[in-house]
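Examining the three-dimensional arrangement
Spelled out, the chains give:
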Amino acid sequence: SQQGEEDPQALSIQEGENATMNCSYKTSINNLQWYRQNSGRGLVHLILIRSNEREKHSGRLRVTLDTSKKSSSLLITASRAADTASYFCATNTNAGKSTFGDGTTLTVKP
Amino acid sequence: EAQVTQNPRYLITVTGKKLTVTCSQNMNHEYMSWYRQDPGLGLRQIYYSMNVEVTDKGDVPEGYKVSRKEKRNFPLILESPSPNQTSLYFCASSRNPGQGNTEAFFGQGTRLTVV
């Protein structure tokens, strides 16, 4: 299985609700990043959290990192229909190896 | 405008016919990488390059070659494409991962079909 694994695989919520996605990884990391992908298009960077950080905020996004459990979560608050997309976590090593998870497909219903 | 440009965006080819997918970035990034994306498998790293003339294998390098003769370009070469290389390919670039802030910029993708 891949290093980065997200759950759930799919999430469907109503506009205004919060969406939480989780990511687990297996090896030591330099940092962990979350990306968004609209159907079939390139990925867009959302937020990066370093291995010595525990929580980070950016607008409606909140990311946590627990290196002892090798896990991270992405919370999107007050979701909008435009947040509908796939979300991926990615881990990086200093040597350049990067690993992406399988992604969580989020559907926000108007 | 900061961007990563891949060409072509769509390509249909036949088994065994050599092809090259180009990737160019204008951000003076040291690091560049190629991924393939298949349904249910997320993105898998094919090859990456930490700098000019430095390339390394990712998780799925078989059947692919790359070169990094210039900082801005990182072409992906399929010497003898096979149907199992039908996929959506992404190129990405970033600053050196060892510097910590490695926000990656992605190209728009190349959808390759090998028949």
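Residues numbered from 1 in each chain as written. Chains lettered and ligands numbered in written order. Predicted model: local features only at pLDDT ≥ 70, side-chain atom pairs only at ≥ 80, totals over all residues. Heavy atoms only, no water.

As a further point, take the side chain of Arg68 of chain B. All names here are of chain B. Along the polypeptide, Arg68 turns up in the loop between strand 7 (65-66) and strand 8 (76-78). Buried within the structure, Arg68 lacks any salt-bridge partner; its nearest side chain of opposite charge belongs to Glu30, at an N-O separation of 7.4 Å. A polar contact is formed between the side chain of Arg68 and the backbone oxygen of Lys71, at a distance of 2.7 Å. (Helix = DSSP H or I, 4+ residues; strand = E, 2+ residues; numbered from the N terminus. Buried < 20%, exposed > 50% of the residue type's maximum accessible area, 1.4 Å probe, protein only. Lys, Arg positive; Asp, Glu negative; His and termini not counted. Salt bridge = Lys/Arg side-chain N within 4 Å of Asp/Glu carboxyl O. Polar contact = N/O pair within 3.5 Å; in protein donor to acceptor, adjacent residues only side chain to side chain.)

What follows deals with the sheet that holds strand 1 (residues 4-7) of chain B. Residues and elements named next belong to chain B. Read from one edge to the other, the open sheet built from four strands follows the order 1-3-8-7, with strand pairing classed as antiparallel. Edge strands, defined here as strands with exactly one partner in the open sheet, are strand 1 and strand 7. Of the pairings in the sheet, the one linking strand 7 to strand 8 comprises two bridges and is antiparallel in character. The residue bridging Val66 from the neighbouring strand is Leu76, located in strand 8. (Pairing = 2+ DSSP bridges.)

To continue, consider the state of the cysteines. For the coordinates displayed, the defined rule picks out two disulfides over all chains. Put simply, Cys23 of chain A and Cys89 of chain A are joined by a disulfide, and their sulfur atoms are 2.0 Å apart. On the S-S bond that ties Cys23 of chain A to Cys89 of chain A, the torsion sits near 65°, and the link is right-handed. Here the residue Cys23 of chain A occupies a position in strand 3 (residues 19-24), and Cys89 of chain A occupies one in strand 9 (residues 85-92), the gap between them amounting to 66 residues. Take Cys23 of chain A and Cys89 of chain A: they sit in the same class, and that class is buried. In this model Cys23 of chain B forms its disulfide with Cys91 of chain B; the gap between the sulfur atoms is 1.8 Å. Since a negative S-S torsion denotes a left-handed disulfide, the Cys23 of chain B-Cys91 of chain B link at about -75° is left-handed. Linking Cys23 of chain B in strand 3 (residues 19-25) with Cys91 of chain B in strand 9 (residues 87-94), this pair joins segments that are 68 residues apart in sequence. Overall, Cys23 of chain B belongs to the buried group, its relative accessible area being 2%. (Disulfide = S-S within 2.5 Å.)

Taken residue by residue, the interface counts 25 residues in chain A and 27 residues in chain B. Between chain A and chain B, roughly 1,900 Å² of surface is buried when both sides are summed, and carbon and sulfur atoms account for 46% of that area. Our count for the contact surface shared by chain A and chain B stands at one salt bridge. In this structure, the salt-bridge partner of Lys97 of chain A is Asp59 of chain B, at a minimum N-O distance of 2.9 Å. Connecting chain A to chain B are six residue pairs in polar contact (both at pLDDT 80 or more). Breaking the side of chain A that touches chain B down by element, the ones donating at least two residues are strand 4 (31-37), strand 5 (43-50), strand 9 and strand 10 (98-100) of chain A. Of the residues in the side of chain A that touches chain B, the class split is six nonpolar, 15 polar and four charged. (Contact = heavy atoms within 4.5 Å. Buried area = accessible area lost by both parts, 1.4 Å probe. Nonpolar A, V, L, I, M, F, W, Y, C, P; charged D, E, K, R; others polar.)

Glancing now at the nonpolar core. All names here are of chain A. Residues Met21, Leu32, Trp34, Leu74, Ile76, Tyr87 and Leu106 are the most contacted members of the largest nonpolar core, which totals 21 residues. Listed by contribution, the elements that provide at least two residues to this core are strand 2 (10-14), strand 3, strand 4, strand 5, strand 7 (61-66), strand 8 (71-76), strand 9 and strand 11 (104-109). Each residue touching Tyr87, except ones within four places of it in the same chain, is listed here: Glu6, Met21, Tyr35, Arg36, Leu46, Leu74, Ile76, Gly103, Thr104 and Leu106. (Core = buried A, V, L, I, M, F, W, Y, C linked by side-chain atoms within 4.5 Å.)

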